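One-letter residues, chain by chain:
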Amino acid sequence: MDTCKEDEKEIKSEEEKCDGKEDEKFGEQTEDEKEIKKFLDEIGQQEDKKNTYILYRTINNYGVMAGDDARFEDIRIRDSEKKEGNHNSGNMFDDKEELNNWLEENYESYSMALMISAAVFDSLPYIWVVQAADKLFRSFKHDKEEEVRTYGITELLSRFGAEICQGEMNTYTGITPVEVVHLTEAEYRERILRFIWKECPRLHDTIIYWLESYSMQKPVLMSRAAMEVTGLLVSWDYYFFLNNMVSRIQEDKNIATDMLIAQIVVALNREEMYQNNIHNLLHVWSKEHRLHYLLTGLFVCVGLEDKKDILENIIEQYIYKMMEEIRDRASGEYLSHAYDFFAVGMRAFTFYRILVEKMYALVQERNTLSEKKDICRLFLLLFSTDVSLARIEDNEEAIFIKLCMVQHEVSNKICILWQMVWQCRDDRELFYRLLARYDLKIYKAGSVGCSIERFINRALGAVCTKEMRSDISSKIHRRAGNE
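Helix and strand content of the chain: 27 helices and 4 strands. Burial statistics for the chain: of 483 residues in total, 55% are counted as buried. For the chain, the accessible surface area stands at approximately 22,200 Å², while carbon and sulfur atoms represent 46% of it.

Attention shifts here to the side chain of aspartate 386. Along the chain, the position of aspartate 386 falls in helix α22 (residues 369-389). Although aspartate 386 is buried, it makes no salt bridge; arginine 347 carries the closest opposite charge, 4.8 Å away. In terms of polar contacts, aspartate 386 uses its side chain to reach the backbone amide nitrogen of isoleucine 399, at 2.8 Å.

Attention now moves to the packing of aromatic side chains. A complete count under the given rule lists 25 aromatic pairs for this structure. Measuring from ring centre to ring centre gives 6.5 Å for phenylalanine 137 and phenylalanine 140, while their planes differ by 80 degrees; the resulting arrangement is edge-to-face. You'll find phenylalanine 137 and phenylalanine 140 in the same group, each marked buried. Taking 5.8 Å as the distance between ring centres and 55 degrees as the angle between the ring planes, the aromatic pair formed by phenylalanine 341 and phenylalanine 351 counts as tilted. Of this pair, phenylalanine 341 sits in helix α20 (residues 338-343) while phenylalanine 351 sits in helix α21 (residues 349-365), placing them 10 residues apart in sequence. Judged by relative accessible area, which is 1%, phenylalanine 351 ranks as buried. In this structure, lysine 135 packs its charged tip against the face of tyrosine 214, placed 4.5 Å from the ring centre. Across the ring face of tryptophan 422, the terminal group of arginine 428 is positioned such that the distance to the ring centre comes to 3.7 Å.

Moving on, we come to the packing of α22 against helix α25 (residues 428-445). Helix-helix packing is described using two parameters, namely the angle between the two axes and the distance between the axes. Put simply, α22 and α25 touch, their axes get as near as 10 Å, and they point 10 degrees apart. In terms of orientation, α22 and α25 fall into the roughly parallel class. Within the contact between the two elements, α22 uses Leu380, Phe383, Ser384, Val387 and Ser388 and α25 uses Leu430, Phe431, Leu434, Leu435, Arg437, Tyr438 and Lys441. When the residues that make up the contact of α22 with α25 are grouped by side-chain class, the tally is 8 nonpolar, 2 polar and 2 charged.

Let us look at the pattern of salt bridges. Scanning all chains against the criterion turns up 27 salt bridges. Note that arginine 437 and glutamate 47 form a salt bridge whose closest N and O atoms lie 3.2 Å from each other. With a gap of 390 residues between them, arginine 437 in helix α25 and glutamate 47 in the loop between α3 (31-45) and α4 (50-60) connect regions that are remote in the sequence. Between arginine 189 and glutamate 228 there is a salt bridge, with its nearest N and O atoms 3.1 Å apart. With a gap of 39 residues between them, arginine 189 in helix α10 (residues 187-199) and glutamate 228 in helix α12 (residues 220-235) connect regions that are remote in the sequence. Residue arginine 189 is classed as buried on the basis of its relative accessible area of 17%. Beyond isolated ion pairs, a larger network of salt bridges with shared partners links Arg57, Arg347, Arg391, Asp394 and Glu396.

Basis of the calculations
Residues numbered from 1 in each chain as written. Predicted model: local features only at pLDDT ≥ 70, side-chain atom pairs only at ≥ 80, totals over all residues. Heavy atoms only, no water. Helix = DSSP H or I, 4+ residues; strand = E, 2+ residues; numbered from the N terminus. Buried < 20%, exposed > 50% of the residue type's maximum accessible area, 1.4 Å probe, protein only. Areas by Shrake-Rupley, 256 points an atom, 1.4 Å probe, with all protein chains shown as cover. Lys, Arg positive; Asp, Glu negative; His and termini not counted. Salt bridge = Lys/Arg side-chain N within 4 Å of Asp/Glu carboxyl O. Polar contact = N/O pair within 3.5 Å; in protein donor to acceptor, adjacent residues only side chain to side chain. Phe/Tyr/Trp six-rings, centres within 6.5 Å; stacked < 30°, edge-to-face > 60°. Lys NZ or Arg CZ within 6 Å of the ring centre and 35° of its normal. Axes fitted to C-alpha atoms, helices over the stretch in contact; angles between N-to-C directions. Parallel < 35°, antiparallel > 145°, perpendicular 65-115°, else oblique. Contact = heavy atoms within 4.5 Å. Nonpolar A, V, L, I, M, F, W, Y, C, P; charged D, E, K, R; others polar.

As structure tokens, this is what we get:
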């Protein structure tokens, strides 16, 4: 590690000359430097995932305030202003015999698709419900083709206790009127879904895949409703969930499936009778030593606040796996999913507190220069993701910077990690350039968050003089083009 005196000598020389030497040194990359630069380039290539994680946060609201999408789709029904001509001609759920006769005549019909869609998306816009019904109907396996009904929708809806009401919805242009499909009794939703789930077992997979198609999609309210109903259905058939859905984590091996299964698990956990099962399931996943089981477990633990022990275990495992790959100079699956690992925390304080504490513990365990250098590289790799994910325009700060400023023990630990990264001369230019990327985002957004100067003073104040800290800030600004 470099000493502060050596750094002060460097600062006393002319700044431009110093920068030139640093740039020249960085240009003469060793194999190790090429590897870490490759890791950081791969993070940059994964930035297209950013919007997916922002949407996941909006839908599930884990650890963050609801975003604009949640507010914009708020819908209010005007109960006193039902659509003219709309009436209830007799709900078939009041007559069991009539209901069974209806099912026999309408199995996999458009009427059935509309009934299921109205139950799932109760109190949402009429056009959404009808489009979802069309989609479900197309997925049915018909003995013969039936033309989708584009007429008499009001009559069909009234058969199972639904009506079309006038309402209003917040949009990007303000409040606008909207027609809403609304079940006249709150109990009708579960009654319809239970009836279909019990009486039509061959449709289970069809319905589940249809619901999944709305996962992590807009409109946000449809995505929330679909995942809520998926959790409700599998709570009535837990074995279906274990046998037909959980295995897809390893079969699919993609983040979309991890997110989907995690949302279902969180919904299942709301049922008291399954809470022990869910806890045991998470323990099993945490011991699987398979990437996507760990990521799915992290998604769940971030959503359930009482799983800190499992969360801690999975984070520790993931860090050790990444360290092994860095040590072996192999960009394996754990490093290639570092973006997902960092993003899965959803800006929840507990997740990143544990992450910092585990990395700090690594520093205490490893004494050689090479080992500490590997930790620096992992830290910079994660900070690169941090910079990518931070919505500076919405006054979000990079988490590894924000944690330096909080009134918590973790603040001192992450400052020590930043000091170690600064003192690692081989990665000095990466340190500058990543902070310059962040500084540029702050400048463009006109953010009022933590400035580079304030961060440098807090993070490096224990190892750098005032003159050194000023020079570091200046170099960051220059690389960002803000000076």
